[in-house]
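Here are the chains, one letter per residue:
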Amino acid sequence: MIRLENIEKLYRTDTIETIALDRISLNIEKGEFLSVMGPSGCGKSTLLNIMGLLDAPTKGEVKIDQQTLTHLSDKQLARFRNQKIGFIFQSFHLINDLRVLDNAELPLLYRNITSKERIRLATEALEKVGLSNRIKHFPSQLSGGQKQRVAIARAIAGNPEIILADEPTGNLDSAMGNEIMDILLQLNRAEKATIVMVTHDETMAKKTHRLVRLFDGSQVQ
Amino acid sequence: MLKNYFKIAIAVLRRRKFFTFISLFGISITLTILIVLTAFWENVTSAGYPDMKRDRSLYINFVVQENPKEHGIIKGLASFYYLDHYVGSMKTPEKVAISSMFTATNTYVKNKKLVINIKYTNHAWWDVLEYQFLEGKPYTAVQIKNGEHVAVISEDVKKQYFGESGAVTGKYIKTDNVEYRVTGVVRNVSVTAPLIYADMYLPYTLSKADYRDQSINGMYSAILLAHNKSDLEKIKDEYQQVVSKIPPPNKKYTKIYSHADSYIKSYTRMFSKDENSSGIGIVITGALVIVFLLMLLPTINLMNINISRIIERSSEIGIRKAFGASSGTLAVQFIVENVILTLLGGIIGIALSLIILNIINSSSLIPNLTLAINFSVLLYGIMACLIFGLLSGVYPAWRMSRMEVVNALKGR
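What you are looking at is a predicted structure, and each value in this text was computed from that prediction instead of being measured. (Residues numbered from 1 in each chain as written. Chains lettered and ligands numbered in written order. Predicted model: local features only at pLDDT ≥ 70, side-chain atom pairs only at ≥ 80, totals over all residues. Heavy atoms only, no water.)

What about the pattern of salt bridges?
Here is the rule: Between Lys or Arg on one side and Asp or Glu on the other, a salt bridge is scored when a side-chain nitrogen of the former is within 4 Å of a carboxyl oxygen of the latter. Buried means the residue's accessible area, taken with a 1.4 Å probe over protein chains only, is under 20% of the maximum for its type, while exposed means over 50%, and partly exposed covers the values in between.
Inspection of the entire model under this criterion finds 28 salt bridges over all chains. In this structure, the salt-bridge partner of Arg23(A) is Asp22(A), at a minimum N-O distance of 3.2 Å. What makes Asp22(A) partly exposed here is its relative accessible area of 22%. Between Asp51(B) and Arg54(B) there is a salt bridge; the shortest N-O distance is 3.1 Å. As far as the burial class goes, Asp51(B) and Arg54(B) line up, both buried.

Written out as structure tokens, the structure reads:
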């Protein structure tokens, strides 16, 4: 499903060059739930961003569904992300000015579908995360766990095949964290979604199919 | 999609109340100024009571005598003799209306001073201009010739001098210690048409200055009425020929020039520095510079606010990009938001203009001036709004669309 080949990422300033990722190759199968672990600054998020086509590698290739994506234009990448990938972030990144339903609807805005259909899909996604009774609320009226559930609903509203989660439980206490983890596991099982999750939490990582460890930009496990 | 843009635009505006207020204030005040100015411009330049035949009229407001050796010029209104003798004998115009610039006279009504602006005219004046007589009629050519002390007064003067009583035709009015018999009362004319406006109209033969004086410059201007529009060029040509044949009045000032112009040009001629320039270019450039400066400040202000707004919303931009919005789509979203803001400002601006125009109309600051928002003024206003919205939205939107998703999400 996702194939990374010899990915390198360098950050250059005038004086120094930092290697964020050093020749990472990774093959993620369809329906797999993979977690990425490592100390802070080891390149986990950079790796996830490159997988999610939010950032371009300095060298190497990203293939999703056998399609090489490294050289697509901004517009083509945007369309590809819209169709195939859903994102979940540690700090939720909800739009505070919009209601829960409008937030969940976001990826669908960039598809050619009617507003009725958008509302139907977004409501469905909110039902899956157990928030259908909160659709008229604003994010500021929700708890951290509820916010993350809205973010998950947003990630799955467009039925993407891939979900990329960057420390989705990082800002939550363990009970809420477990709740979120259960939702992700359920999505993986029931919807056959391919999930890549960056985490610091060993117990969360153990619940997934496979664990990749990074250290200073290199893959160590 | 648009509904979504609208939702978020309103939400953002409500969240940042202070900035919204500053933005809306800037836009609406600027627009109000523009609309009021254009209403003035419309009022002054378009044909209106009593100068209704402006499309087939030419105006002579300036005659210039030049001293080529010493680079001296005398520029001003013409003498009655000049207009009557040279212009009045032209073949192409249907009629030539001649009138003096208005001058103030004083009279006393019940020990209260009343200033009456008087104007001397010839008889064609009443044919060329379409005054509305509330009672009576204009003085006749014979009355003018005989130097009879007759006058046409405005309804304001009637009210102030005679009170609210009935007809006053045939009654006497005294100003600057001279008594005149009223032959008619006309509807008021606004002072924004200074060459037509007066409170009281008198035969030119009553002027204290000798109307037979043959000097070139004086205190009169003329309106040349053409039989039809196509004659205007012929009249201009004939006038040039007439001017070229006028003998120089003295040895020093050997050159005379003057033009029969359309209404606006007859005024802009005031700003021209040489014979061939009508001065309209200078006036239009000046007006554009003023409009540009007026619009520049709120535009820059709005642009700045937009940039800070975008930095504040970088997380939203990042998220939208991550979920499939291209840079172009986002740029459009921000421009639409901005246009919504400016249109809101526009609505407030139009409302403010209506109030201000109403105040100007009902105040006695400029008597008898009636300004109105008409269709074209409204159109200018809406156009100005859109230009605003685009100008102040495009640059920030471009900046925003260049943000990298990863940086945007980190708030950098």
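Here we look at the packing of helix H2 (residues 17–45) of chain B against helix H9 (residues 280–312) of chain B
All names here are of chain B. Formally: Orientation is described by lines fitted to C-alpha atoms, with helices fitted over the stretch in contact, and by angles between N-to-C directions that extend from 0 to 180 degrees. Put simply, DSSP marks the helices as runs of H or I at least four residues long and the strands as runs of E at least two long, and each gets a number from the N terminus on. Geometric relationships in this document are graded by angle, where less than 35 degrees denotes roughly parallel, more than 145 denotes roughly antiparallel, 65 to 115 denotes roughly perpendicular, and other angles denote oblique. Crossing chirality is assigned from the near helix's rotation relative to the far helix, an anticlockwise turn below a right angle marking it left-handed and a clockwise turn marking it right-handed. Only heavy atoms enter the contact rule, under which two residues are in contact if any of them lie within 4.5 Å. Classes in brief: Ala, Val, Leu, Ile, Met, Phe, Trp, Tyr, Cys and Pro nonpolar; Asp, Glu, Lys and Arg charged; the others, Gly included, polar.
Here H2 crosses H9 at 165°, and the two axes come no closer than 10 Å. With respect to their mutual orientation, H2 and H9 come out roughly antiparallel. The handedness of the crossing between H2 and H9 is left-handed. Facing H2, whose interface residues are Phe19, Ile22, Ser23, Gly26, Ile27, Thr30, Ile33, Leu34 and Leu37, H9 presents Val291, Leu294, Met295, Pro298, Asn301, Leu302 and Ile305. Here the residues of the contact of H2 with H9 are counted per class, giving 12 nonpolar, 4 polar and no charged.

Remarks on the sheet that holds strand S13 (residues 255–258) of chain B
All names here are of chain B. Quick reminder of the rule: In this analysis, strands are considered paired if DSSP registers two or more bridges between them.
Strand order across the open sheet formed by 3 strands is S3-S2-S13, with antiparallel pairing between neighbours. Strands with a single pairing partner mark the edges of an open sheet, and in this sheet they are strand S3 (72–76) and S13. Across the sheet, the mean angle separating the axes of adjacent strands is 20° when strand polarity is ignored. Here strand S2 (residues 63–67) pairs with S3 via 5 bridges, running antiparallel. Bridging from a neighbouring strand, Val63 pairs with Gly76 of S3.

Remarks on the environment of Arg187(B)
Residue and element names in this part refer to chain B. The line we're drawing: A 3.5 Å cut-off defines polar contacts: any pair of N or O atoms within that distance qualifies, except that in protein one atom must be a possible hydrogen donor and the other a possible acceptor, and neighbouring residues in sequence count only when both atoms are side-chain atoms.
Relative to the helices and strands, Arg187 resides in the loop between strand S10 (178–186) and strand S11 (200–203). Look at Arg187 and you get partly exposed, because its relative accessible area is 34%. In this structure, the C-alpha to C-alpha distance between Arg187 and Glu233, residues 46 residues apart in sequence, is 33 Å. A distance of 2.9 Å separates a polar atom in the side chain of Arg187 from a polar atom in the side chain of Gln132.

As for the layout of surface pockets
Residue and element names in this part refer to chain B. Quick note on the threshold: Every definition here rests on a 1 Å grid over the protein atoms only: cavities are sets of points where a 1.4 Å probe fits but cannot get out, pockets are open sets enclosed by protein on both sides within 12 Å along at least five of seven lines, and lining residues have some atom within 4 Å of a point. Grid points are joined across faces, edges and corners, and a volume is the space filled by probe spheres set on the points.
Of the volumes computed, that of the largest pocket is approximately 940 Å³. Around the largest pocket, the lining comprises 26 residues; the ones closest to its centre are Leu34, Thr38, Ala287, Leu288 and Val291. Those elements giving two or more residues to the lining of the largest pocket turn out to be H2, H9 and helix H12 (375–401). Looking at which element gives the most residues to the lining of the largest pocket, the answer is H9, with 12 residues. Looking at side-chain class alone, the lining of the largest pocket contains 22 nonpolar, 4 polar and no charged residues. For the second largest pocket, the calculated volume is near 440 Å³. If you go around the second largest pocket, you meet 24 residues; those closest to its centre are Asn43, Gly48, Tyr49, Ser190 and Thr370. Its residues assigned to classes, the lining of the second largest pocket comprises 11 nonpolar, 9 polar and 4 charged.

Some words on the sheet that holds strand S5 (residues 67–68) of chain A
All names here are of chain A. Pairing within the open sheet is antiparallel, and its 4 strands lie in the order S2-S1-S4-S5. Each edge of the sheet is formed by a strand with only one pairing partner; in this case those strands are strand S2 (17–28) and S5. With 2 bridges connecting them, strand S4 (residues 59–64) and S5 associate as antiparallel partners. Of the residues in S5, the one forming a bridge with Ile64 is Gln67. The sheet strands contacting helix H1 (residues 44–51) are strand S1 (2–12), S2 and S4, and the helix crosses S2 at an angle near 55°.

Some details on the packing of aromatic side chains
Residue and element names in this part refer to chain B. Defined as follows: In this scheme Phe, Tyr and Trp rings, the latter by its six-membered ring, pair at centre separations within 6.5 Å, and the angle between planes marks the pair as stacked below 30 degrees, edge-to-face above 60, and tilted otherwise. The criterion for a charge sitting over a ring is simple: Lys NZ or Arg CZ within 6 Å of the ring centre, and within 35 degrees of the ring normal.
Going through the model one piece at a time under the given rule, you end up with 21 aromatic pairs over all chains. A ring pair is formed by Phe80 and Tyr220, whose centres lie 5.2 Å apart and whose planes are at 70°; its orientation type is edge-to-face. In this pair, Phe80 sits in helix H3 (residues 80–87) while Tyr220 sits in strand S12 (residues 220–225), placing the two residues 140 residues apart along the sequence. Judged by its relative accessible area of 4%, Phe80 falls in the buried class. In this structure, Arg187 is placed above the aromatic ring of Tyr49, and the distance from its NZ or CZ to the ring centre is 4.1 Å.

Re the environment of Ala20(A)
Residue and element names in this part refer to chain A. Here Ala20 shows up in strand S2. In the structure, Ala20 is positioned 10 residues away from Leu10 in sequence and 5.7 Å away in space, judged by C-alpha atoms. Not counting the four nearest positions on each side in its chain, Ala20 is found in contact with Lys9, Tyr11, Cys42, Gly43, Thr46 and Gly217.

Remarks on the nonpolar core
The condition that has to hold: Residue types Ala, Val, Leu, Ile, Met, Phe, Trp, Tyr and Cys, when buried and joined through side-chain atoms within 4.5 Å, form a set referred to as a nonpolar core.
Counting residues in hydrophobic clusters, the biggest one holds 91 residues, and the most contacted among them are Ile2(A), Leu47(A), Met51(A), Ile152(A), Leu184(A) and Val196(A). Counting 69 residues, the second-largest nonpolar core is a separate cluster that includes Tyr120(B), Val168(B), Tyr180(B) and Ile216(B).

Observations concerning the domain arrangement of chain B
Quick note on the threshold: For the domains described, the bounds stem from an automatic or database domain assignment.
In terms of domains, chain B is made up of domain 1 (2–46 + 282–410) and domain 2 (62–260). Between domain 1 of chain B and domain 2 of chain B, the C-alpha centre-to-centre distance is 47 Å.

Some thoughts on the confidence of the model for chain A
In plain terms, the rule: Values of pLDDT, the confidence the predictor places in each residue, fall between 0 and 100.
A residue-level look at chain A finds 100% of positions with pLDDT of 70 or above and a mean pLDDT of 91. Mean pLDDT values for the elements of chain A range from 84 in strand S10 (residues 218–219) of chain A up to 95 in strand S8 (residues 194–198) of chain A.

Observations concerning the side chain of Glu8(A)
This is how the line gets drawn: For the charge count, each Lys or Arg is scored as positive and each Asp or Glu as negative, with His and the chain ends excluded.
With respect to the helices and strands, the residue Glu8(A) is situated in strand S1. Despite its burial, Glu8(A) remains without a salt bridge, the nearest opposite charge being carried by Lys59(A) at 4.4 Å.

Digging into a nonpolar patch on the surface
For clarity, the threshold we go by: Residues form patches when they are more than 30% accessible in relative terms and have no salt bridge. Like charges link within 9 Å. Nonpolar side chains (Val, Leu, Ile, Met, Phe, Trp, Tyr) link within 5 Å. Shrake-Rupley sampling with a 1.4 Å probe provides the accessible areas, and residues are treated as covered by the protein chains on show and by no other component.
Nonpolar side chains collect at one region of the surface, where Phe18(B), Phe19(B), Phe21(B), Phe25(B), Ile29(B), Ile33(B) and Leu37(B) lie side by side and expose about 660 Å² of accessible area between them. Counting through the fold element by element, Ile29(B) comes out in helix H2.

A look at the interface of chain B and chain A
You'll often see interface size given as the accessible area lost when the parts meet. Each partner contributes to the interface: chain B provides 24 residues, whereas chain A provides 24 residues. Where chain B meets chain A, there are 0 salt bridges. Our count for the chain B to chain A interface comes out at 7 residue pairs in polar contact (both at pLDDT 80 or more). Elements represented by at least two residues in the side of chain B that touches chain A include exactly helix H1 (2–15), helix H10 (314–322), helix H11 (327–362) and helix H13 (405–410) of chain B. Tallied by class, residues from the side of chain B that touches chain A come to 12 nonpolar, 7 polar and 5 charged.

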